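Descriptive structure summary
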Amino acid sequence: SGKGKAGGQLLDGAGTVLLDIVPYGDKPPATVPYCFNTPDGTTVVLFANTKGGTAYTRKESEWVIWTAEDAAQTGQPPEATPVGASMYKFGTIKTRTSDAIPEFFDASGTKVMTAKDWRAEGRDAVVLQSADGTTPMAKVNFLYSGILWKAGVTFAKGVDPIIALCVAVAGNSVAPGWGGGG
């Protein structure tokens, strides 16, 4: 793992560290996989770019989220990940357009969440909404311009803050301007 490299930490409201967010390997910043590790170093969530797209190419991209346990309750067996671990696919974040609005699809391929265009909230915030765009689900406020994993996440009941943060970070990786990174 990339212990010691820059990443971030997932904190609860009281400031207690729940998970360390650690880059894995030596890929370019826009495509590096990130491991969400417990304090003992066990990876419980993996977030990895599996298909093209960077802030430079602005092409379609896909990021997959895997979990150590079958959190999506698919009943499917674990699969190999880009870092060599065997984990369960939780969902996929896809960006398909030149303005790179990310969409989150669950493990069955159903669209669950989409982001409003980053220009709607300013350069340092991303609002996530239901697939049909009618229900707010989360808001990610990047705390330091250009630093992906330093963010506050406000989320509705039943929304996983890790997924919300990953959707926002995936959008930032392919669209200059998300999170002030452009």
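What you see is a predicted model; the values in this text were computed from it and never measured.

Cut-offs applied
- Residues numbered from 1 in each chain as written.
- Predicted model: local features only at pLDDT ≥ 70, side-chain atom pairs only at ≥ 80, totals over all residues.
- Heavy atoms only, no water.
- Helix = DSSP H or I, 4+ residues; strand = E, 2+ residues; numbered from the N terminus.
- Contact = heavy atoms within 4.5 Å.
- Areas by Shrake-Rupley, 256 points an atom, 1.4 Å probe, with all protein chains shown as cover.
- Buried < 20%, exposed > 50% of the residue type's maximum accessible area, 1.4 Å probe, protein only.
- Pairing = 2+ DSSP bridges.
- Phe/Tyr/Trp six-rings, centres within 6.5 Å; stacked < 30°, edge-to-face > 60°.
- Core = buried A, V, L, I, M, F, W, Y, C linked by side-chain atoms within 4.5 Å.

1. Quick look at the overall build of the protein
When helices and strands are tallied, the protein shows one helix and twelve strands. When the elements of the protein are put in sequence order from the N terminus, they spell out β-β-β-β-β-β-β-β-β-β-β-β-α. Considering only intrachain contacts with a sequence separation of at least 6, the fraction spanning at least 24 residues in the protein is 34%. Working note: accessible area of the protein is about 8,800 Å², and carbon and sulfur atoms make up 53% of it.

2. Regarding the pairing of strand β5 (residues 61-67)
Among the seven residues of β5, seven are classified as buried, and the element is accordingly described as predominantly covered. Burial along β5 is two-sided: Ser-61, Trp-63, Ile-65 and Thr-67 and Glu-62, Val-64 and Trp-66, pointing in opposite directions, are all buried. The pairing of strand β4 (residues 43-51) with β5 spans six bridges and is antiparallel. Bridge pairing in β5 places Phe-47 opposite Ile-65.

3. Digging into the packing of aromatic side chains
Throughout the structure, instances matching the rule amount to two aromatic pairs. Aromatic side chains Phe-47 and Trp-63 sit 4.5 Å apart centroid to centroid with 15 degrees between the ring planes, which places their arrangement in the stacked category. Of the two residues, Phe-47 sits in strand β4 while Trp-63 sits in strand β5, which places them 16 residues apart along the sequence. Comparing Phe-47 with Trp-63 shows no difference in burial state: the two are buried. Judged by centre distance (6.3 Å) and plane angle (25 degrees), the ring pair of Phe-90 and Phe-104 falls under stacked.

4. Some thoughts on the pairing of strand β8 (residues 102-106)
β8 sits mainly inside the fold: four of its five residues count as buried. Judged from the five bridges that link them, strand β7 (residues 86-95) and β8 form a sheet pairing that is antiparallel. Across the sheet, Lys-94 pairs through a bridge with Glu-103, a residue of β8. Pairing of β8 with strand β9 (residues 111-115) involves three bridges; the strand directions are antiparallel. What sits directly across from Phe-105, in β9, is Lys-111. Where β8 folds back on β9, the antiparallel hairpin that results is connected by four residues, among which Gly-109 adopts a positive phi of roughly 95 degrees.

5. Digging into the nonpolar core
Burial of nonpolar side chains together is a common tendency in soluble globular proteins. The biggest cluster of nonpolar side chains holds 33 residues, and the ones touching the most others in it are Phe-36, Phe-47, Ile-65, Ile-93, Leu-128 and Trp-149. By residue number, the principal contributor to this core is helix α1 (residues 161-174), which donates nine residues.

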